[in-house]
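Architecture at a glance
The primary structure of each chain is shown beneath.
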Amino acid sequence: QHHIGIDFDGILCEDCPRESDDDGPRYQEFLRSVRAIRHAWPHGPAVVITGRLEKYREATAKWMAENRQSPAVVAHAPWETAAQRARHSVADWKADMCQRFELRYFVESDPRQAWRIADVTGIPVLCPPAGVVLRKGSKFEPENL
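Presented here is a report on the structure given in the accompanying data block. Every value quoted in this text rests on a predicted model; they were computed, and no experiment measured them.

Let us now look at the packing of aromatic side chains. Note on aromatic pairs: each is described by the distance of the centres and the angle between the planes. In total, this model carries 4 aromatic pairs according to the counting rule given. Ring plane angle 25° and centroid distance 5.8 Å describe the contact between Tyr27 and Phe30, whose orientation is recorded as stacked. With Tyr27 and Phe30 both in helix H1 (residues 25-33) and 3 residues apart, this pair spans about one turn of that helix. The class for Tyr27 is buried, based on a relative accessible area of 4%. Plain terms: the ring middles of Tyr27 and Tyr56 are 4.9 Å apart, the flat faces sit at 65° to each other, and that makes the pair edge-to-face. Taken as a pair, Tyr27 in helix H1 and Tyr56 in the loop between strand E2 (47-53) and helix H2 (57-66) lie far apart in primary sequence, 29 residues in all. The pair Tyr27 / Tyr56 is uniform in exposure class, with both members buried.

This part covers the pattern of salt bridges. Should the charged atoms of two oppositely charged side chains come close, the side chains can pair. Enumeration over the complete set of coordinates arrives at 12 salt bridges. Asp92 is paired through a salt bridge with Arg116; the nearest N and O atoms lie 2.6 Å apart. Within this pair, whereas Asp92 is found in helix H4 (residues 90-100), its partner Arg116 is found in helix H5 (residues 111-121), the two being separated by 24 residues in sequence. Looking at Arg116, the relative accessible area reads 32%, which means it is partly exposed. Of the charged contacts in the structure, one is a salt bridge between Asp96 and Arg100, with a shortest N-O distance of 2.9 Å. Separated by 4 residues within a single helix, Asp96 and Arg100 lie in helix H4, roughly one turn from each other. Here the salt bridges do not stand alone but share partners, grouping Asp7, Lys94 and Glu108 into one network.

With that settled, the discussion passes to the pairing of E2. By the criterion of burial, E2 is predominantly enclosed, with 7 of the 7 residues buried. A two-sided burial pattern is seen for E2, the buried positions comprising Val47, Ile49, Gly51 and Leu53 on one face and Val48, Thr50 and Arg52 on the other. Note on the crossover from E2 through H2 to strand E3 (residues 73-77): the handedness is right-handed.

Looking now at the sheet that holds E2. With mixed pairing, 6 strands are arranged side by side in an open sheet as E3-E2-E1-E4-E5-E6. With partners counted over all chains shown, the strands left at the sheet margins are E3 and strand E6 (132-134), one partner each. Averaged over all pairs of adjacent strands, the angle between strand axes in this sheet comes to 25°, irrespective of strand direction. The pairing of strand E4 (residues 105-107) with strand E5 (residues 125-127) spans 2 bridges and is classified as parallel. Bridge pairing in E5 places Phe106 opposite Val125. Together, E4, E5 and E6 form the strand contacts of H5, whose direction differs from that of E5 by roughly 170°.

Grouped together as the largest cluster of nonpolar side chains are 39 residues, with contacts concentrated most on Ile49 and Phe106. The biggest single contributor to this core is H4, with 6 residues. Ignoring sequence-local partners within four residues, the contact set of Ile49 consists of Ile6, Asp7, Phe8, Ala75, Trp93, Lys94, Met97, Cys98, Leu103 and Phe106.

With that out of the way, let us pick up unusual backbone geometry. Phi is positive for Asp23, which is not a glycine, with a value near 60°. Judged by its relative accessible area of 21%, Asp23 is partly exposed. If you check the backbone angles, Glu102 has positive phi at about 55° while not being a glycine. Its location among the elements puts Glu102 in the loop between H4 and E4. Overall, the relative accessible area of 53% leaves Glu102 in the exposed class.

What counts and what doesn't
- Residues numbered from 1 in each chain as written.
- Predicted model: local features only at pLDDT ≥ 70, side-chain atom pairs only at ≥ 80, totals over all residues.
- Heavy atoms only, no water.
- Phe/Tyr/Trp six-rings, centres within 6.5 Å; stacked < 30°, edge-to-face > 60°.
- Helix = DSSP H or I, 4+ residues; strand = E, 2+ residues; numbered from the N terminus.
- Buried < 20%, exposed > 50% of the residue type's maximum accessible area, 1.4 Å probe, protein only.
- Salt bridge = Lys/Arg side-chain N within 4 Å of Asp/Glu carboxyl O.
- Right-handed = clockwise from strand over helix to strand, strands pointing away.
- Pairing = 2+ DSSP bridges.
- Axes fitted to C-alpha atoms, helices over the stretch in contact; angles between N-to-C directions.
- Contact = heavy atoms within 4.5 Å.
- Core = buried A, V, L, I, M, F, W, Y, C linked by side-chain atoms within 4.5 Å.

Set out below in structure tokens:
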């Protein structure tokens, strides 16, 4: 049983700059060279739930091995392309994954996604960039960030 889920970009490594999120050569270079900023939950197995597309699983696994990251499970976004992903709610997909894994906590880098995940799942969601822990019904206004 896993208890904690962790976002990837913005939590384990730096966020991808918009100009590099091209689903092409710039993104592949980002995947190879991005700097680690934290390690996966050190107190036991964690589930990483990432908006990174499934087709980047191999590059992500290579980066994790090179950066001593060892989560129990990595769930990649199910869409084929970044354009498909943009037509869906990544936060709702992450919330669904949190429920499937029966997580008790989630750590999310994007304040808007954190708020939505907390609201949908009812679990506490820690958002380090915003300095908050969100819960269902939190009086948090992510649009102000």
